[in-house]
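# Breakdown of the fold
For reference, the chains in residue letters:
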Amino acid sequence: MGVGTRSAYEGLGPNAGEPKAAPSNTIMDPFDILGINPTFDVDLAAVEERYRDLSRVLHPDKHVGGSPAERRIALGKAVEVNEAWRLVRDPIRRAEALFRRRGVDVSEGNEPKASPEFLMEMMELREALASAKEKDDHAAAARLASQIRAREEAVMDRLSEGFRAPGNGAHIGELLPLLGELRYYRRFLD
């Protein structure tokens, strides 16, 4: 399912002690913030429910009677929970967070370059899409989108398997090109 039983904000309420602020150079870990297992396979419905529960607890209206410091902390945590949910529900950002947890800094353009064959294929597919749009051929555009969605799903399955693989994580570097492919597919579909 991907949902854990603990959250970084569990027990936060009007009478809770003031948690320590995280250092400003810390990169947010959306899995820790939402209290879910750090996996690529997440049950988005269950995580959304978790997000809504945390949002209710952290809502500014719940902390009106608190001190200014408590209200500031609750608001900061509410912002973190919103950002964590935004990251986890996006497969690309979720994969980036999992790479970061494994000590691999990734961002667009930072992963290995795609193979020339892949780039050529993507260029040809984009030209086919442009041609379909120019001819107002909705059926051809839909076929291309369907083809790319299937490829996107296959890459997500491979990422899922790779992140689940046991061991010391030496295989993680092999997953990086898949993240690049996923980015190309997303841009194509957008």
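Residues numbered from 1 in each chain as written. Predicted model: local features only at pLDDT ≥ 70, side-chain atom pairs only at ≥ 80, totals over all residues. Heavy atoms only, no water.

## Re the packing of aromatic side chains
Under the criterion given, the structure shown has five aromatic pairs. Ring plane angle 80° and centroid distance 5.4 Å describe the contact between Phe118 and Tyr184, whose orientation is recorded as edge-to-face. Here the residue Phe118 occupies a position in helix H5 (residues 116-134), and Tyr184 occupies one in helix H7 (residues 172-189), the gap between them amounting to 66 residues. For Phe118, a relative accessible area of 9% puts it in the buried group. For the ring pair Phe118 and Tyr185, a centre distance of 5.9 Å and an interplane angle of 70° mean the geometry is edge-to-face. With Phe118 in helix H5 and Tyr185 in helix H7, the pair connects residues that are 67 residues apart, well separated along the chain. In this structure, Phe118 and Tyr185 share a single accessibility class: buried. (Phe/Tyr/Trp six-rings, centres within 6.5 Å; stacked < 30°, edge-to-face > 60°. Helix = DSSP H or I, 4+ residues; strand = E, 2+ residues; numbered from the N terminus. Buried < 20%, exposed > 50% of the residue type's maximum accessible area, 1.4 Å probe, protein only.)

## Quick word on the nonpolar core
Core analysis: the biggest nonpolar cluster contains 39 residues, and Leu34, Phe99, Leu159 and Phe163 have the highest contact counts within it. If you list the elements that add at least two residues to this core, you get helix H1 (30-34), helix H2 (44-58), helix H3 (68-89), helix H4 (91-101), H5, helix H6 (138-164) and H7. For this core, the element with the highest residue contribution is H7, accounting for eight residues. Ignoring anything within four residues of it in the chain, the contact list for Phe99 reads Val104, Val106, Phe163, Ile172, Leu175, Leu176 and Leu179. (Core = buried A, V, L, I, M, F, W, Y, C linked by side-chain atoms within 4.5 Å. Contact = heavy atoms within 4.5 Å.)

## Brief notes about the packing of H5 against H6
With their axes 8 Å apart at the nearest point, H5 and H6 run at an angle of 150° to one another. In terms of orientation, H5 lies roughly antiparallel with respect to H6. Handedness of the H5/H6 crossing: left-handed. Of the residues in H6, those touching H5 at Phe118, Glu121, Leu125, Ala128, Leu129 and Ala132 are Ala140, Ala141, Leu144, Gln147, Ile148 and Arg151. Its residues assigned to classes, the contact of H5 with H6 comprises nine nonpolar, one polar and two charged. (Axes fitted to C-alpha atoms, helices over the stretch in contact; angles between N-to-C directions. Parallel < 35°, antiparallel > 145°, perpendicular 65-115°, else oblique. Left-handed = near helix turned anticlockwise from the far one by under 90°. Nonpolar A, V, L, I, M, F, W, Y, C, P; charged D, E, K, R; others polar.)

Taken by themselves, the reported measurements are silent on function.
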